Amino acid sequence: IFTNNLDEMLITLVAGARPNFMKIAPIIRAIEKARGEGNDINYRLVHTGQHYDNNLSQTFFDELGIPAPHVNLGAGSGSQATQTAMIMMAFEKELLKNPTDLVMVVGDVNSTLACSIPAKKLWIQVAHVEAGIRSGDMTMPEEINRIVTDSITDLFFTTSRTANENLQKSGVDEKHIHFVGNVMIDTLLYNMNNLRKPAL
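Cut-offs applied
Residues numbered from 1 in each chain as written. Predicted model: local features only at pLDDT ≥ 70, side-chain atom pairs only at ≥ 80, totals over all residues. Heavy atoms only, no water. Helix = DSSP H or I, 4+ residues; strand = E, 2+ residues; numbered from the N terminus. Expected span 1.5 Å × (residues − 1). Bend = angle between axes of the 7 residues up to and from the residue. Core = buried A, V, L, I, M, F, W, Y, C linked by side-chain atoms within 4.5 Å. Buried < 20%, exposed > 50% of the residue type's maximum accessible area, 1.4 Å probe, protein only. Patch = residues over 30% accessible without salt bridge, like charges linked within 9 Å, V, L, I, M, F, W, Y side chains within 5 Å. Areas by Shrake-Rupley, 256 points an atom, 1.4 Å probe, with all protein chains shown as cover. Salt bridge = Lys/Arg side-chain N within 4 Å of Asp/Glu carboxyl O. 1 Å grid on protein atoms, 1.4 Å probe; cavity = no way out; pocket = protein on both sides within 12 Å on 5 of 7 lines; lining within 4 Å. Points joined across faces, edges and corners; volume = space filled by probe spheres on them. Nonpolar A, V, L, I, M, F, W, Y, C, P; charged D, E, K, R; others polar.

J.: How would you sum up helix α1 (residues 18–36)? Please name residues and give values.
T.: Since one α-helical turn is 3.6 residues long, residues separated by three or four positions face the same way. A rise of 1.5 Å per residue sets the reference length of α1, with its 19 residues, at 27 Å; its end C-alpha atoms lie 28 Å apart and thus fit the reference within 8%. Along its length, α1 shows its largest kink, about 25°, at I24, and proline P26 lies within four residues downstream of that point. G38 sits one or two residues past α1 and shows a positive phi near 100°.

Listed below in structure tokens is the structure:
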């Protein structure tokens with residue numbers, strides 16, 4: 001039911017916290033490159049508002065050359081449960097208003113988990129960038145976010161062979177796992193010319 005009625009594939013990209021911005025930048029560049037080469041693919045960038053201070057948000061968009069998000073859900077702060085719930089409710093409305101073919105989440109923050117769940121409940125496929133990472137420490141909110149997100153993910157993009165093994169041990173079919181490397185390194189390499197040696 002919830003499919004894009006256009007001929008091109010539409011991916012909804014989710015960003016919400018500082019690490020997400022650095023990870024989403026090379027993905028946007030890859031989509032734009034593929035689109036420029038004639039592929040029928042486009043994206044909609046959703047900022048959940050998990051980090052809402054200008055220094056934690058807009059600065060990263062400006063310095064990393066990320067286009068302005070199509071929408072900011074304005075989730076704001078709160079407890080783990082409150083923030084997650086606010087993002088889930090807002091993202092469900094976003095998906096109903098703007099159908100998509102795929103929701104792509106990155107990392108392990110609350111936005112990652114909170115956007116995966118409503119997507120799956122609306123029968124939309126979920127792709128997780130940095131899937132399969134594990135610390136083994138269940139006292140970490142991030143570890144819970146990783147495990148729950150991976151349990152409902154359809155496409156797993158991993159940064160290491162260890163992540164691949166973690167997913168396979170949990171029962172994920174190898175054909176759904178794609179070892180792509182670390183997108184943070186892509187961002188580093190892209191910005192090498194902007195690096196400046198600190199004054200002594």
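J.: Kindly report on the nonpolar core, identifying the contributing residues and their values.
T.: Ranked by internal contacts, the top residues of the largest apolar core, which has 20 residues, are L13, I24, I27, L45 and M104. Mapped onto this core, the elements with two or more residues apiece are β1 (9–15), α1, β2 (41–47), β4 (102–106) and β5 (125–129). At six residues, the largest contribution of residues to this core is made by α1. Counting 15 residues, the second-largest nonpolar core is a separate cluster that includes V46, C115, L122 and I124.

J.: Please set out a nonpolar patch on the surface residue by residue, giving values where relevant.
T.: Together, M138, I144 and I147 make up a nonpolar patch on the protein surface, roughly 250 Å² of accessible area in all. Positionally, M138 belongs in the loop between β5 and α5 (141–151).

J.: So what's going on with the pattern of salt bridges? Residues and values would help.
T.: Within the structure shown, the criterion is met by eight salt bridges. One salt bridge in this structure joins R44 and E94, with 2.5 Å as the shortest N-O distance. Linking R44 in strand β2 with E94 in helix α3 (residues 80–97), this pair joins segments that are 50 residues apart in sequence. On the basis of relative accessible area, R44 is assigned to the buried category, the value being 17%. E94 gets classed as buried once you look at its relative accessible area, which sits at 6%. Close ionic contact of R134 with D150 constitutes a salt bridge, the shortest N to O distance being 3.0 Å. In this pair, R134 is assigned in the loop between β5 and α5 and D150 in helix α5, connecting sequence segments 16 residues apart. According to the relative accessible area criterion, R134 is partly exposed, its value standing at 29%.

J.: Go over the layout of surface pockets with me, naming the residues and quoting the values.
T.: In this structure, the largest pocket encloses a volume near 220 Å³. Every residue lining the largest pocket is counted, 13 residues in all, and those nearest its centre are I27, A30, M104, V129 and V183. At the level of secondary structure, the elements contributing two or more residues to the lining of the largest pocket comprise α1 and α7 (183–190). At four residues, the largest contribution of residues to the lining of the largest pocket is made by α1. Class assignment of the residues belonging to the lining of the largest pocket gives a composition of 11 nonpolar, one polar and one charged.

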